[in-house]
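Inside the fold
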Amino acid sequence: AQSVAQPEDQVNVAEGNPLTVKCTYSVSGNPYLFWYVQYPNRGLQFLLKYITGDNLVKGSYGFEAEFNKSQTSFHLKKPSALVSDSALYFCAVRDKRDTGRRALTFGSGTRLQVQP
Amino acid sequence: GAGVSQSPSNKVTEKGKDVELRCDPISGHTALYWYRQSLGQGLEFLIYFQGNSAPDKSGLPSDRFSAERTGGSVSTLTIQRTQQEDSAVYLCASSLVGTGISYEQYFGPGTRLTVT
C-alpha cells in the first residue's frame, strides 16, 4: 500500500520569506512524486513532479521540491513567498512498480497562507 | 477548450435520488480518473479508465457508484440512491500514458454534489 503524509494542516509565512510545505511518503518500491496546488473553487493544478534523476526538481511559479530517498520526503519549497501563493497544496505519490493502477495517492493537503 | 471539463459545476439533490456527473477529458488523453474530495480531506481515488482495458474500480466506495467511458472519451459517474455522505466535490482528471514514466494528471474544476 502507498500513503502520503502532510503533517501540517496550515503553514503561515510572511511575503518575501522562504516557504516549505512538508511531505513524506510510503511505497513498496520507488516513487513517482507530485505536487499540485488548488485555488478556491478551482480544480487541482500541476506544479512539479519527480520521476528519476536529479533530486532537486523545479516547477511552475518558482516552486521546487527536493526528493530525499533516505528520509522518504519530498518537501515543496520556494525562496520568496508571494501573497498569490496562498492556496491548498497537495502532495501525491505513485509506486513505480504499479503499472496497472496509475491513480495517485494524495495527502490530506496543506493550506499555505502568505501574509502581506 | 483545451482543458478537462466537468458538468454540472454544482448539483443539489435529495437523498435517495440518482445523479449523473459528466467528464470530458483532454483530447488524446487515454487515461481518465475520478476522485472524490470531501470537506477537509484529501483526494480519494474512485475509478480509472485506460484505453480499452477493463476499468480499475477498486476505489468505488459502494455498489451504488458506477462509471462508464464511451468511445474512449467522455465519462459519466453515476451515483444511485444518493446518501448524505456522498456530498463532496467529484474531480475528474486525464493524462497521457507511457512506459517507465508517469505523466501528470490534468484536473477538471469538479462537480460539487450536495445531498439534502
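The following refers to the structure shown. Computed from a predicted structure; not experimentally measured. (Residues numbered from 1 in each chain as written. Chains lettered and ligands numbered in written order. Predicted model: local features only at pLDDT ≥ 70, side-chain atom pairs only at ≥ 80, totals over all residues. Heavy atoms only, no water.)

**Regarding the state of the cysteines**
Counted by the stated rule, this structure contains two disulfides over all chains. Across the disulfide from C23 of chain A sits C91 of chain A; the S-S distance is 2.0 Å. Linking C23 of chain A and C91 of chain A, the disulfide has an S-S dihedral of approximately -60° and is accordingly described as left-handed. Placement of C23 of chain A in the loop between strand 3 (19-21) and strand 4 (24-26) and of C91 of chain A in strand 10 (residues 87-95) is noted, with a sequence separation of 68 residues between them. Each of the two residues, C23 of chain A as well as C91 of chain A, counts as buried. Residue C23 of chain B pairs covalently with C92 of chain B via a disulfide, S to S 1.8 Å. (Disulfide = S-S within 2.5 Å. Helix = DSSP H or I, 4+ residues; strand = E, 2+ residues; numbered from the N terminus. Buried < 20%, exposed > 50% of the residue type's maximum accessible area, 1.4 Å probe, protein only.)

**Topic: the packing of aromatic side chains**
The description of two aromatic rings rests on the distance between their centres and on the angle between their planes. Here the structure, examined in full by the defined rule, presents 14 aromatic pairs over all chains. Ring geometry for Y36 of chain A and F107 of chain B: centres 5.4 Å apart, planes at 80°, overall edge-to-face. Note that Y36 of chain A is positioned in strand 5 (residues 31-38) and F107 of chain B in strand 9 (residues 106-107), a pairing that runs across two chains. The pair Y36 of chain A / F107 of chain B is uniform in exposure class, with both members buried. Centroid distance Y35 of chain B to F107 of chain B: 5.6 Å. Interplanar angle 40°. Geometry classified as tilted. In this pair, Y35 of chain B sits in strand 4 (residues 31-37) while F107 of chain B sits in strand 9, placing the two residues 72 residues apart along the sequence. (Phe/Tyr/Trp six-rings, centres within 6.5 Å; stacked < 30°, edge-to-face > 60°.)

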